[in-house]
Amino acid sequence: GQQVMQIPQYQHVQEGEDFTTYCNSSTTLSNIQWYKQRPGGHPVFLIQLVKSGEVKKQKRLTFQFGEAKKNSSLHITATQTTDVGTYFCAEGSNFGNEKLTFGTGTRLTIIP
Amino acid sequence: NAGVMQNPRHLVRRRGQEARLRCSPMKGHSHVYWYRQLPEEGLKFMVYLQKENIIDESGMPKERFSAEFPKEGPSILRIQQVVRGDSAAYFCASSPPLRGINEQFFGPGTRLTVL
């Protein structure tokens, strides 16, 4: 079946360092969404990427969608303690409201 | 505008009992999704419903699990004769009618523990 893999599974960084998580699929993705889940919390939508090669920025967060639409990345510059959590990519659908196929997630911890 | 509501937040059941999980979508949202998250794992899709209709139940186990979204009232995920392996966090999400960005809004989840 469809699988969306993320690496790394865990990442520990010193506060102020950068962080990147990668999302890879064996098939072409219709679109990719990114969610953040704080410890004990629920997923919260961050962004959606649709176009090949698309790059979007939200303050310290940069999201990229690969040219072949088979991979995506999330990069955080100068991490802060508020960035702690698990970051998931998820494949959405071209047809609108359908299920999300979530990646395996990358858990980020920050060393103050 | 209140977010997605789920109750109970925590539920403890003994093996063989039934678990009923409730989800009220955000106002104006007509699409409801249920996901299961095992400890230290990602979210797995279970079922997608619109009012009075199951649209996609491809992620739902064939036995013991059922879901509904009646015309009035919350969506219900029902697990009959629970087993220890059903222990997980169950998240409900909702989305508005079709639009360009199909962002899903998640509820706080129900943490089910089966003893």
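Described in the following lines is the structure provided in the data block. This one's a predicted model, so the numbers in the text were calculated from it and none came from an experiment.

Right, let's talk about the state of the cysteines for a bit. All names here are of chain A. In the structure shown here, the tally under the stated rule is 2 disulfides over all chains. Between the sulfur of C23 and that of C89 lies a disulfide, 2.0 Å long from S to S. On the sign convention where negative means left-handed, the S-S torsion of about 75° between C23 and C89 marks this disulfide as right-handed. Remark: C89 occurs in strand β9 (residues 85-93) and C23 occurs in strand β3 (residues 19-25); sequence separation between them is 66 residues. According to the relative accessible area criterion, C89 is buried, its value standing at 0%.

So, on to the sheet that holds strand β8 (residues 71-76) of chain A. Residue and element names in this part refer to chain A. Spatially, the 5 strands line up as an open sheet ordered β1-β3-β8-β7-β6, and their pairing is antiparallel. Of all the strands in the sheet, just β1 (4-7) and β6 (55-58) have a single pairing partner and so form its edges. On average, each strand axis in the sheet is inclined to that of its neighbour by 15°, with strand direction left out of account. Two strands pair when backbone bridges link them, and strand β7 (residues 61-65) and β8 are joined in this way by 5 bridges, in the antiparallel orientation. Paired with Q64 across the strands is S73, a residue of β8.

Strands in a sheet are paired, the pairing made by backbone hydrogen bonds, and the direction either parallel or antiparallel. All names here are of chain B. Read from one edge of the open sheet, 4 strands run β1-β3-β8-β7, paired in antiparallel fashion. Edge strands, defined here as strands with exactly one partner in the open sheet, are β1 (5-7) and β7 (65-68). Going across the sheet, the axis of each strand differs from the next one's by a mean of 15°, ignoring polarity.

Bringing the packing of aromatic side chains into the picture now. Residue and element names in this part refer to chain B. Going through the model one piece at a time under the given rule, you end up with 10 aromatic pairs over all chains. Where Y35 meets F106, the ring centres are 5.5 Å apart and the plane angle is 45°; that geometry is what we call tilted. A residue pair is termed long-range when its members are at least 10 positions apart, and Y35 in strand β4 (residues 31-37) and F106 in strand β10 (residues 105-106) qualify at 71 residues. When its relative accessible area of 0% is taken as the criterion, Y35 is described as buried.

It is worth spelling out the interface of chain B and chain A at this point. With 26 residues of chain B in contact, the opposing surface of chain A contributes 24 residues. At the boundary of chain B with chain A, total buried surface from both sides reaches about 1,900 Å², with 48% on carbon and sulfur atoms. Among the residues chain B hides against chain A, the three largest losses belong to L43, N102 and F106 of chain B. Together they make up 30% of the total. In this assembly, chain B and chain A are joined by 0 salt bridges. Joining chain B to chain A, the criterion identifies 6 residue pairs in polar contact (both at pLDDT 80 or more). Looking at the side of chain B that touches chain A, the elements with two or more residues in it are β4, β5 (43-50) and β9 (88-95) of chain B. If one sorts the elements of the side of chain B that touches chain A by residue count, β4 of chain B sits on top with 4 residues. A per-class count over the side of chain B that touches chain A returns 12 nonpolar, 9 polar and 5 charged.

Moving on to the pairing of strand β8 (residues 75-79) of chain B. All names here are of chain B. Among the 5 residues in β8, 4 count as buried, and that is most of the element. Where β7 meets β8, 4 bridges bridge the pair, whose relative direction is antiparallel. Residue pairing in the sheet places A67 in a bridge with L77 of β8. Linking β7 to β8, which pair antiparallel, is a turn of 6 residues; within it G73 sits at a positive phi near 100°.

Glancing now at the side chain of D83 of chain A. Checked against the element boundaries, D83 of chain A lands in the loop between β8 and β9. Excluding residues that lie within four positions of it along the chain, D83 of chain A makes contacts with K36, R60, I76 and L108 of chain A.

This next bit is on the pairing of β1 of chain A. Residue and element names in this part refer to chain A. Along β1, the buried face is formed by V4 and Q6; none of M5 and I7, which line the opposite face, is buried. In the sheet, β1 pairs with β3 via 4 bridges, with the strands oriented antiparallel. Bridging from a neighbouring strand, I7 pairs with Y22 of β3.

About the cut-offs
Residues numbered from 1 in each chain as written. Chains lettered and ligands numbered in written order. Predicted model: local features only at pLDDT ≥ 70, side-chain atom pairs only at ≥ 80, totals over all residues. Heavy atoms only, no water. Disulfide = S-S within 2.5 Å. Helix = DSSP H or I, 4+ residues; strand = E, 2+ residues; numbered from the N terminus. Buried < 20%, exposed > 50% of the residue type's maximum accessible area, 1.4 Å probe, protein only. Pairing = 2+ DSSP bridges. Axes fitted to C-alpha atoms, helices over the stretch in contact; angles between N-to-C directions. Phe/Tyr/Trp six-rings, centres within 6.5 Å; stacked < 30°, edge-to-face > 60°. Contact = heavy atoms within 4.5 Å. Buried area = accessible area lost by both parts, 1.4 Å probe. Salt bridge = Lys/Arg side-chain N within 4 Å of Asp/Glu carboxyl O. Polar contact = N/O pair within 3.5 Å; in protein donor to acceptor, adjacent residues only side chain to side chain. Nonpolar A, V, L, I, M, F, W, Y, C, P; charged D, E, K, R; others polar.

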